[in-house]
Amino acid sequence: MRQLIMDQLAKRTAESVTLTSAELSAFKVGDETIRLIDRGRGIWNPSAFDATLTIISDPSSEYDDGEIGDSLYRYSYQKGTEEGINTKLRKAIRLKVPIIMFRKIATSNFVPVFPVYVVEDDRPNRQFILALDESLRFLPNPTRLDSDQRRYAERVVRQRLHQPEFRAKVLLAYDTQCAVCVLKKGPLLDAAHITGDTESDGLPVVANGLALCKIHHSAYDANFLGISPDYVVHINAELLREVDGPMLKHGIQEMDSRNIVVPARLTDQPDRARLAARYEGFLAAG
């Protein structure tokens with residue numbers, strides 16, 4: 001059942017930007033309806049499961065959850081309990097079973113991260129240590145990585161934690177539509193970085209993102225499409241002169257000089273300084 005739940009979560013997250021607390025409280029798996037979260041607690045221990053099934057990590061909560069170094073994640077004990085609700089998380093270590101972490105990104109909106117493995121019970125600091133990917137469990141010492149291991153761990157954490165959260169936050173801010181063409185089909189939308197996530201200041205924050213459909217994301221990354229700091233779309237001059245059927249004409253060329261859609265909240269709108277720096281690269285590319 002644990003695996004079936006994860007399989008169904010994978011299908012749902014491919015279709016939807018986030019999962020709501022209402023959906024997670026009555027999650028459909030085949031013919032069954034299963035509760036996946038405890039609204040009053042961060043740890044959900046269904047009686048039918050030997051070990052914890054899911055945990056909630058809320059960046060705005062009183063708990064000090066977060067990344068440890070390049071490869072691990074700390075998850076605080078449920079307050080007021082030493083055994084009780086924490087016991088089944090310890091069982092997840094002994095049984096070596098995966099759990100699901102739901103990252104809260106907005107009121108009643110969650111992004112699932114799975115499979116996650118509980119690898120250590122850090123009793124002195126009243127926290128559990130989690131590995132965000134099964135492969136990280138087998139590193140000799142996940143807290144002390146060599147350069148090759150660190151690069152691998154950083155890539156895993158970026159793919160498993162940062163990118164899904166970034167995509168969800170950006171698409172929610174843009175009301176699940178492409179900023180250029182206003183396509184509203186979630187599975188066809190990406191969260192594009194303005195400043196690349198491999199750069200030191202390429203932070204996974206909404207103001208460093210644009211909701212773009214896959215064709216406009218590819219065009220943006222290839223510098224066929226640029227967005228100036230006044231939020232105007234520009235198409236590469238050579239591409240504007242090219243003749244190559246309706247997709248190029250209607251999907252790319254007709255976007256030239258359009259104003260992009262921006263989020264309603266000022267703090268979520270694209271950072272103009274980042275756009276300016278990225279636009280210089282577009283101009284330099286011709």
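Bear in mind the structure is a predicted one, so any value in this text is a computation, not a measurement.

Re the pattern of salt bridges
Following the criterion strictly, the structure yields 11 salt bridges and no others. Between Lys104 and Asp58 there is a salt bridge whose closest N-O contact spans 3.8 Å. Note that Lys104 is positioned in strand β8 (residues 99-106) and Asp58 in the loop between β5 (54-57) and β6 (66-68), a separation of 46 residues in sequence. One salt bridge connects Asp190 with Lys214, and the closest N-O pair in it is separated by 2.7 Å. Here Asp190, found in strand β11 (residues 189-193), pairs with Lys214, found in helix α5 (residues 214-221); they are 24 residues apart in sequence, far enough to count as distant. The buried category is assigned to Asp190, whose relative accessible area is 17%. Each member of the salt-bridge network shares a partner with another, and the members are Arg12, Glu15 and Glu23.

Quick look at the packing of α5 against helix α7 (residues 245-252)
Put simply, α5 and α7 touch, their axes get as near as 11 Å, and they point 80° apart. It follows from the interaxial angle that α5 and α7 lie roughly perpendicular. The segment α5 lies against α7, with Ile215, His216 and Ala219 engaging Met247, Gly251 and Ile252. Of the residues contributing to the contact of α5 with α7, the split by class is four nonpolar, two polar and no charged.

Let's talk about the side chain of Thr52
Here Thr52 shows up in the loop between β4 (43-44) and β5. Assessed through its relative accessible area of 0%, Thr52 is described here as buried. When near neighbours in sequence (up to four residues on either side) are disregarded, Thr52 contacts Arg2, Ile43, Trp44, Asn45, Lys88, Leu89 and Ile99.

About the criteria used
- Residues numbered from 1 in each chain as written.
- Predicted model: local features only at pLDDT ≥ 70, side-chain atom pairs only at ≥ 80, totals over all residues.
- Heavy atoms only, no water.
- Salt bridge = Lys/Arg side-chain N within 4 Å of Asp/Glu carboxyl O.
- Helix = DSSP H or I, 4+ residues; strand = E, 2+ residues; numbered from the N terminus.
- Buried < 20%, exposed > 50% of the residue type's maximum accessible area, 1.4 Å probe, protein only.
- Axes fitted to C-alpha atoms, helices over the stretch in contact; angles between N-to-C directions.
- Parallel < 35°, antiparallel > 145°, perpendicular 65-115°, else oblique.
- Contact = heavy atoms within 4.5 Å.
- Nonpolar A, V, L, I, M, F, W, Y, C, P; charged D, E, K, R; others polar.

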